[in-house]
Amino acid sequence: MCGIVGYVGDNKSLEVLLGGLKRLEYRGYDSAGVAVIGADGTMDTRKRAGKLQVLVDDLDMRPMANGATGIGHTRWATHGGPTDRNAHPHLGDDGKLALIHNGIIENFSELKNELVESGATFTSETDTEVAAILVGREYAATGDLTEALRRVVQRLEGAFTLLVMHVDQPGVVVGARRNSPLVIGLGDGENFLGSDVAAFVEFTRRAVAIGQDQIVTIRPDSVVVTDFDGNSVETDEFEIAWDASASEKGGWSSFMAKEISEEPEAVAKTILGRVHDGLVDLKELEPLGPDALTDIDRIVVIACGTAAYAGMLGKYAIEQWSRIPVDVELSHEFRYRNPILTPRTLVISISQSGETMDTLMAVKFAKESGAKVLSVCNTQGATIPRESDAVVYTHAGPEVAVASTKAFVAQVTALYLIGLELGKVRGTLSDDEIRHNVAELQAVPDKISEILTVSQAEIGQLAHWMTDTQSVLFLGRNVGYPVALEGALKLKELAYIHAEGFAAGELKHGPIALIEPGQVVFVIVPSPRDPDSLHPKVVSNIQEIRARGARVIAIAEKGDASVLPFADEVIPIPLAGSLFEPFLAVVPLHIFGMELSAAKGLDVDQPRNLAKSVTVE
Ligand code: G6P
């Protein structure tokens, strides 16, 4: 939530800030603003409610001076509605200091009272303005911008990334972070700050992650990182693994269209380098400790949204292959219910962004409780992997559309690799069994490509026919159940219609009452080839809803003639082992969500009220 960019260097702040905000807009798009110190030494700010384009249009009509020092912000509103006044940057008392913020200052109310008593006037309803006034006053007292910010962060409670600049300090931007993301970009005669590396990847691929409770001061030729007490700290530089073109839309109609097309590659790249001689070799698990994988007696998966559904699929595979019990919990529920954790519990957190505050808080809690934490993450330099004992990165590349697609299949891939590694280490799988499952996994990318080639147009047509549909249900059993939940989530967030996913076996315990003539129901049908398959039971479920007038859209294995008499539409998917069917069944649902959103004329990439990286609890 909220994207932040800071820049010091040449006289091109506006280009850097607006380019960075464009690539960070997925983090929030309620308003946008910039502040720049111009070549004449004056500071100018411009901020506008609405998407970044509103600000860009405003700047086109009323250009502002460019300069060598600037900060920019794209907002997801928390305190105060999405108005021009509440947009960032906010200014100090004397108008000389500009500040931007991502997060929530939980004690802002008492700080605000204190400031009002001392004569401050506020121009916005935000928590952020409190910090701007406080830092402005500390700067007036100390003449040192880093020290001023350091003094103020000691007084703040909650989560924040703050960037400040002062008109009397051209060529300096200071940032601080606690529980919200901030990354440094290292340039040549210029330096950058950003909520994530997308902010500056166009200009440099050298990056440094900043740890918790640290302050960074950038100048064109220097970067200094200290802790909140002023002690210098060690930092790790890393190279950004992708270039700016990976986060551009290219010729696609939306980022989501591009990202769905990248699902095969996301799976393939996540497997790459992790299989040797047909067996899984996950060296990334070594930091958990020499005996960790044999010692654990339970796994708890924590995640939110789409990542939690990936976690549910991971449960089926990990339990099947390693015989370790796995619980899957939403991070925010897990964190606040006094869960039972021991040193033999392995907590696996899943997060595309690596910044989801609910998951971060759950990770910290798990570590404090003595459990080991392994994170599955798609973003280098993110906070959650830094807080974890070990990390398995998914290599889906930058995901920009708010609704997650390629990251989902990459997360499931990583969890399956973890399951196979556990099966290997604990001896619950033979080498032949591992090789068989690895081969299944390696075959997934081509099968997804086949769906994209064969079915995309047909699914688009289906969506066009359904633009007036008010409610869609999704049914699945076993590994089809998380797929049903994911399909429903996509419709809620993308097409703004009522959608529910159910375990098909649960149908008769209540949800069947929702079925009335014309109700659209997607059913994820398992393969009939597997002797243990639940295929006959799912076909019975289809008949039950069909008898009550439902319009059934079946996602079924190619050649499965048994569903044809009962389904209004069948979307075929290639043959795969039971555990691997979800990789395929989910793709038509991703396409359907996107196509329905587009057919309704909605914003596919930036659905209303949402943000991709949810950095508030
Ligand atoms: C938000 C997004 C979802 C995403 C969830 C978890 O709610 O809208 O698409 O699945 O956050 O995000 P994470 O970055 O932790 O995977």
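A short tour of the structure in this document, coming up. Predicted, not measured: the structure shown is a model, and the values here were computed from it.

## A word on the nonpolar core
Move 1: Ile299, Ile348, Tyr416, Phe522 and Phe583 are the most contacted members of the largest nonpolar core, which totals 129 residues.
Move 2: Tallying contributions element by element places helix H13 (residues 406–425) first for this core, with eleven residues.
Move 3: When near neighbours in sequence (up to four residues on either side) are disregarded, Phe583 contacts Val267, Val409, Val412, Thr413, Tyr416, Leu441, Val444 and Ile448.
Move 4: Leu97, Ile105, Tyr139 and Leu145 belong to the second-largest nonpolar core, a separate cluster that totals 29 residues.

## Focus on the site of the ligand
Move 1: Close to the ligand lie 14 residues, the nearest being Thr306, Ser351, Gln352, Ser353 and Thr356.
Move 2: Here an oxygen atom of the ligand sits 2.6 Å away from a polar atom, N or O, in the side chain of Ser351.
Move 3: A distance of 2.6 Å is found between an oxygen atom of the ligand and a side-chain nitrogen or oxygen belonging to Ser353.
Move 4: Look at the ligand: alone it shows 390 Å² of surface, and the protein chains cover 90% of it.
Move 5: The element best represented in the shell around the ligand is helix H9 (residues 305–322), accounting for three residues.
Move 6: When its residues are assigned to classes, the shell around the ligand shows five nonpolar, seven polar and two charged.

## Examining the sheet that holds strand S5 (residues 90–91)
Move 1: Strand order in the open sheet made by the six strands is S5-S6-S7-S8-S12-S13, with antiparallel pairing throughout. In this open sheet, the two strands that pair with only one neighbour each are S5 and strand S13 (222–227).
Move 2: The pairing of strand S7 (residues 158–166) with strand S8 (residues 173–178) spans four bridges and is classified as antiparallel. Bridged to Thr161 within S8 is Arg177.

## Observations concerning the packing of aromatic side chains
Move 1: Evaluation of the coordinates by the stated rule reveals twelve aromatic pairs.
Move 2: With 5.3 Å between their ring centres and 45 degrees between their planes, Tyr7 and Phe192 make a pair best called tilted. A residue pair is termed long-range when its members are at least 10 positions apart, and Tyr7 in strand S1 (residues 3–8) and Phe192 in strand S10 (residues 191–194) qualify at 185 residues.
Move 3: Judged by its relative accessible area of 0%, Tyr7 falls in the buried class.
Move 4: With relative accessibility at 0%, the residue Phe192 sits in the buried group.
Move 5: Ring geometry for Trp321 against Phe580: centres 6.2 Å apart, planes inclined by 35 degrees, an arrangement best described as tilted. Pair noted here: Trp321 is in helix H9 and Phe580 is in the loop between strand S26 (569–573) and helix H17 (581–599), with a separation of 259 residues, a long-range link.
Move 6: Looking at Trp321, the relative accessible area reads 3%, which means it is buried.
Move 7: Taken together through their ring pairs, the aromatic side chains of Tyr7, Phe192, Phe200 and Phe203 make up a single cluster.
Move 8: Between the NZ or CZ atom of Lys112 and the centre of the ring of Phe122, over which it lies, the distance is 4.8 Å.

Scoring rules and cut-offs
- Residues numbered from 1 in each chain as written.
- Predicted model: local features only at pLDDT ≥ 70, side-chain atom pairs only at ≥ 80, totals over all residues.
- Heavy atoms only, no water.
- Core = buried A, V, L, I, M, F, W, Y, C linked by side-chain atoms within 4.5 Å.
- Buried < 20%, exposed > 50% of the residue type's maximum accessible area, 1.4 Å probe, protein only.
- Helix = DSSP H or I, 4+ residues; strand = E, 2+ residues; numbered from the N terminus.
- Contact = heavy atoms within 4.5 Å.
- Near = heavy atom within 4 Å.
- Polar contact = N/O pair within 3.5 Å; in protein donor to acceptor, adjacent residues only side chain to side chain.
- Areas by Shrake-Rupley, 256 points an atom, 1.4 Å probe, with all protein chains shown as cover.
- Nonpolar A, V, L, I, M, F, W, Y, C, P; charged D, E, K, R; others polar.
- Pairing = 2+ DSSP bridges.
- Phe/Tyr/Trp six-rings, centres within 6.5 Å; stacked < 30°, edge-to-face > 60°.
- Lys NZ or Arg CZ within 6 Å of the ring centre and 35° of its normal.

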